[in-house]
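# Structure at a glance
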Amino acid sequence: MNRISHKLQENKKLLSIYFTAGYPQLDDTKTILEQLEKSGVDLVEIGLPFSDPLADGPTIQASSTQALQNGMTTKKLFEQLEDIRKTVSIPLIIMGYFNPMLQYGIEKFCKKCAEIGIDGLIIPDLPLEVYTEEYQAIFQQYGLQNIFLITPQTSKKRIRQIDEASEGFIYMVSSASITGAKNSFGDAQQNYFERIDQMQLQHPQIVGFGISNTETFDKATQFAKGAIIGSAFIKHLTENGTQNIHSFVDQIRKSN
Amino acid sequence: MTTHHINKKGYYGEYGGAYIPEMLYPNIDQLKEQYLEIIGDASFQEEYQQLLRDYVGRPTPLYFANRLSEKYNTKIYLKREDLCHTGAHKVNNTVGQILLAKRLGKKRIIAETGAGQHGVATATVCALMGMPCFVYMGEIDMKRQAPNVARMKMLGAEVIPSTSGSKTLKDATNDAIRDWINNPEETHYIIGSVVGPHPYPDMVARLQSIISQEIKLQLQEKENRSKPNHIIACVGGGSNAAGAFYHYLDEENVNLIAVEAAGKGIHSGESAATSQLGNNGIIHGSKTLLMQSKDGQITEPYSISAGLDYPGVGPMHAHLFSSKRAEFLSVTDDQAMQAGAELTKLEGIIPAIESAHALAALEQKKFQPDDVVVINLSGRGDKDLETYMKYFDL
């Protein structure tokens, strides 16, 4: 069974962490992944940096720019991850924009992911319709789960379509925003979380965007299966490098 | 019959589509479902045509350039988009989109701009309609195009500097898209060219198609034929070319010539000739030709003309290039500047440096004495005076 599906069956709220590969230093990828697993993180999204990340806020943009300046490429990332399954066993997802994958070659990209032991992909600018028509067969051939996003503006009908085409979990964007834009949840989010919960979707939801501390993690996971932290972790890396990852994770998880 | 227009799924051949994050889906879907109906509606057309006539100053003249024709020994007509209100063809699109935004019930307008022409055209129609206007502009471009920044401010727009990435047009476009993600309910994004996710390329092309619609009628009057032998237009994103080509796309005996900016030379590393240097990929939600590294990172283009340094090209043009329906030329900074000086001297018209690229094609092509050649003079050179002054030491 795919590691993501397996993880989703565990009886706990899941903490997922995003980081941009090649940041703060080009060769930090392996250290960060090992530290995150040791700290008890449940799954990790490895960001493949892109020059024009149009769904991302300033924090992730800046980390992507720095990572590219450091020399990160798709090929380099795959080299860094070559032996990762010897030391890391939690589910790993690559999150990136479609163009770098297209240039690498989609089939070649998927094949490489499978060889390394990547479990899923999140590609914000690959829409549902294009995926199902052109790429689903390839992704499935290599055992990769494609994770879709939904937002507070996504219609009920479309949420059902996305649920139908999904594997693993649904990435639930907490509010109308780019990443890192907000740091608390109000009534609107609460209503949205409840509304989605009541839809009884086939796939569990993991909430992303706007999660930065225990409070937002707890609120997000009141109804959802888990939550994803991105920008807040990037800020931690900016300030601490690869030090104290454990205490960052502990501080999110302290009430759990 | 083969067509070079968009198909039902939003593609020109293999190019186009809507590669957008889910956050943009509701807005793009609404546009896709409604744009044809709104633009086709009689009340829209009435208001649009009236504004084009009384506010923009259309129809723009189709001017027979006597001395230029003599020099190149062919019949050259200039389509005078430079005489539009605000100084370029850009306003044809912004007038249309602001009327569309009103009909969609939107209350706030955002736009991106490179040289500032589209920003000014957007700020202008927002002032006209009393709508709040936010224009994203690369920090570097704001310095290069200070007079246009001042014009936008005077028109009541807020100009927001883009400080990410290369701090130019592509980053301003990213920031406008991010603004739309953050403000999905009441905001309409007026894209300035035939780029972006479907339906933008087709919508902007339709709003610019007034250019070729007028050329047809005007040529009929002057030459007793509605079709020229050649139409020449410059291409950055490609909106003026899309408008000038539109009604001739499926008239295979009309030769379409698209002129890109070669900058300091195609292989100099400082160029914006996307069709020559680019390959297939995705930029700003559209599958098209774009300039990129072998790893798929989008590269920064260069041209002396700020309106042509976009790293992609609209999907219509990518298709016109790959299907060989249009001929693509490229013109260096120096060639464009000389062509701009030549038009000024021979005809008393100072062209925008963008449009000067189209004029420079006359040196590269040999036309027959009886050929009718239409050049789309997309903008006037007022905004470029400083560049002309520096270049010619005036």
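The model shown is predicted, which means the values in this text are computed figures rather than measured ones. (Residues numbered from 1 in each chain as written. Chains lettered and ligands numbered in written order. Predicted model: local features only at pLDDT ≥ 70, side-chain atom pairs only at ≥ 80, totals over all residues.)

### Looking at the overall build of chain A
Within chain A, the regular secondary structure consists of 12 helices and nine strands. In terms of C-alpha radius of gyration, chain A reaches 17 Å, essentially the compact-globule figure of 18 Å for 256 residues. By the burial criterion, 52% of the 256 residues in chain A qualify as buried. (Helix = DSSP H or I, 4+ residues; strand = E, 2+ residues; numbered from the N terminus. Rg over C-alpha atoms; globule rule 2.2 N^0.38 Å. Buried ≥ 20, exposed ≤ 12 C-beta atoms within 10 Å, placed from the backbone.)

### What about the overall build of chain B?
Helix and strand counts for chain B stand at 17 helices and 14 strands. By the compact-globule yardstick of 21 Å for 394 residues, chain B fits well, its C-alpha radius of gyration being 19 Å. Projecting the C-alpha coordinates of chain B onto the three principal axes gives extents of approximately 55 × 45 × 40 Å. Residues classed as buried in chain B amount to 60% of the 394 residues present. Considering only residue pairs separated by 6 or more positions, chain B has 73% of its internal contacts joining residues 24 or more positions apart. (Contact = placed C-beta atoms within 7 Å.)

### Regarding the sheet that holds strand 7 (residues 158–162) of chain B
All names here are of chain B. What the four strands build is an open sheet, ordered 7-6-5-8; its pairing is parallel. Of all strands in the sheet, those bounded by a partner on one side alone are strand 7 and strand 8 (187–189). Between one strand and the next, the sheet's axes are offset by a mean angle of 25°, whatever the strand orientation. As defined by bridge partners, strand 5 (residues 108–113) adjoins strand 8 across three bridges and the pair is classed as parallel. Paired with Arg-108 across the bridge in strand 8 is Thr-187. (Pairing = 2+ DSSP bridges. Axes fitted to C-alpha atoms, helices over the stretch in contact; angles between N-to-C directions.)

### So, the sheet that holds strand 3 (residues 92–96) of chain A
Across a sheet, paired strands are connected by hydrogen bonds in the backbone, their directions being either parallel or antiparallel. All names here are of chain A. In space, the nine strands of this open sheet follow the order 5-4-3-2-1-9-8-7-6, with parallel pairing throughout. Both edges of this open sheet fall to strand 5 (145–147) and strand 6 (149–150), since each of them pairs with a single strand only. Most of the contacts of helix 11 (residues 231–240) go to strand 1 (residues 14–20), to which it runs at about 55°, and overall it touches strand 1 and strand 9 (226–229).

### Re the interface of chain B and chain A
Accessible area lost when the parts come together is the quantity often used to give the size of an interface. Facing the 26 residues of chain B at the interface are 31 residues of chain A. Elements supplying a minimum of two residues to the side of chain B that touches chain A: helix 1 (25–40), helix 8 (169–182) and strand 11 (279–283) of chain B. Counting residues per element, the side of chain B that touches chain A draws most heavily on helix 8 of chain B, which supplies six residues. Each residue belonging to the side of chain B that touches chain A can be placed in one class, and the counts come to 12 nonpolar, nine polar and five charged. (Nonpolar A, V, L, I, M, F, W, Y, C, P; charged D, E, K, R; others polar.)

### Focus: the packing of helix 3 (residues 58–70) of chain A against helix 11 of chain A
The angle between the axes and the distance between the axes are what describe a pair of packed helices. All names here are of chain A. Two numbers describe how helix 3 lies on helix 11: the axes approach to 9 Å, and their chain directions differ by 50°. On the basis of their axis angle, the class for helix 3 and helix 11 is oblique. Taken as a pair, helix 3 and helix 11 cross one another with a handedness that is left-handed. Facing Thr-59, Ile-60 and Ser-63 of helix 3, the residues of helix 11 in contact are Ser-231, Ile-234 and Lys-235. A per-class count over the contact of helix 3 with helix 11 returns two nonpolar, three polar and one charged. (Parallel < 35°, antiparallel > 145°, perpendicular 65-115°, else oblique. Left-handed = near helix turned anticlockwise from the far one by under 90°.)

### Digging into helix 14 (residues 333–347) of chain B
Residues and elements named next belong to chain B. In this model, helix 14 (15 residues) spans 21 Å end to end at C-alpha, consistent with the 21 Å of a helix rising 1.5 Å per residue. Taken together, the buried positions of helix 14 are occupied by Asp-333, Gln-335, Ala-336, Met-337, Ala-339, Gly-340 and Leu-343. Following helix 14 by one or two positions, Gly-348 has its phi on the positive side, about 70°. (Expected span 1.5 Å × (residues − 1).)

### Observations concerning unusual backbone geometry
Cis geometry marks the peptide bond from Tyr-23 of chain A to Pro-24 of chain A; its omega dihedral reads -5°. With respect to the secondary-structure elements, Pro-24 of chain A resides in the loop between strand 1 and helix 2 (29–38). Here the residue pair Arg-58 of chain B and Pro-59 of chain B is connected by a cis peptide bond, since its omega of 0° sits within 30 degrees of zero. Relative to the assigned elements, Pro-59 of chain B resides in the loop between helix 2 (42–56) and strand 3 (62–64). Phi is positive for Asn-244 of chain A, which is not a glycine, with a value near 60°. Position of Asn-244 of chain A relative to the elements: it lies in the loop between helix 11 and helix 12 (245–253). Residues other than glycine seldom take positive phi values, yet Thr-86 of chain B does so here, at roughly 75°. Within the secondary structure, Thr-86 of chain B is located in the loop between strand 4 (75–80) and helix 4 (90–103). For Thr-86 of chain B, a count of 21 C-beta atoms within 10 Å corresponds to the buried category.

### A few points about helix 6 (residues 106–116) of chain A
Residue and element names in this part refer to chain A. Where helix 6 is concerned, the buried positions are Phe-109, Cys-110, Lys-112 and Cys-113. When helix 6 is viewed along its axis, its buried side chains cluster within an angular range of 160° and face the same direction. Of the surrounding elements, those touching the buried residues of helix 6 are helix 4 (74–81), strand 3, helix 5 (98–104) and helix 7 (128–141). Gly-117 sits one or two residues past helix 6 and shows a positive phi near 105°. (Arc of directions from axis to C-beta.)

### Here's the deal with the confidence of the model for chain B
With 99% of its residues at a pLDDT of 70 or more, chain B has an overall mean of 96. Both scores are given for the predicted complex: the pTM is 0.97, the ipTM 0.94. (pLDDT = per-residue confidence, 0-100.)

### As for the pairing of strand 10 (residues 255–263) of chain B
Residues and elements named next belong to chain B. When you tally the buried positions in strand 10, you get eight out of nine residues, the bulk of the element. In this region the chain leaves strand 9 (residues 230–234), passes through helix 11 (residues 239–245) and returns to the parallel neighbour strand 10; the handedness of that crossover is right-handed. Bridge count between strand 10 and strand 13 (residues 326–332): seven bridges; the pairing is parallel. Along strand 13, the bridge assignment pairs Gly-263 with Thr-332. (Right-handed = clockwise from strand over helix to strand, strands pointing away.)

### Observations concerning the packing of helix 4 of chain B against helix 5 (residues 117–129) of chain B
Residue and element names in this part refer to chain B. Helix 5 packs onto helix 4 with a crossing angle of 40° between their chain directions and a minimal axis gap of 9 Å. As summarised for this structure, helix 4 and helix 5 are arranged oblique, according to the angle between their axes. As for the relative orientation of helix 4 and helix 5, their crossing is right-handed in sense. Two secondary-structure elements touch here, helix 4 through Lys-90, Val-91, Thr-94, Val-95, Ile-98 and Lys-102 and helix 5 through Gln-117, His-118, Ala-121, Thr-122, Thr-124, Val-125, Cys-126 and Met-129. Partitioned by chemical class, the residues of the contact of helix 4 with helix 5 number seven nonpolar, five polar and two charged.

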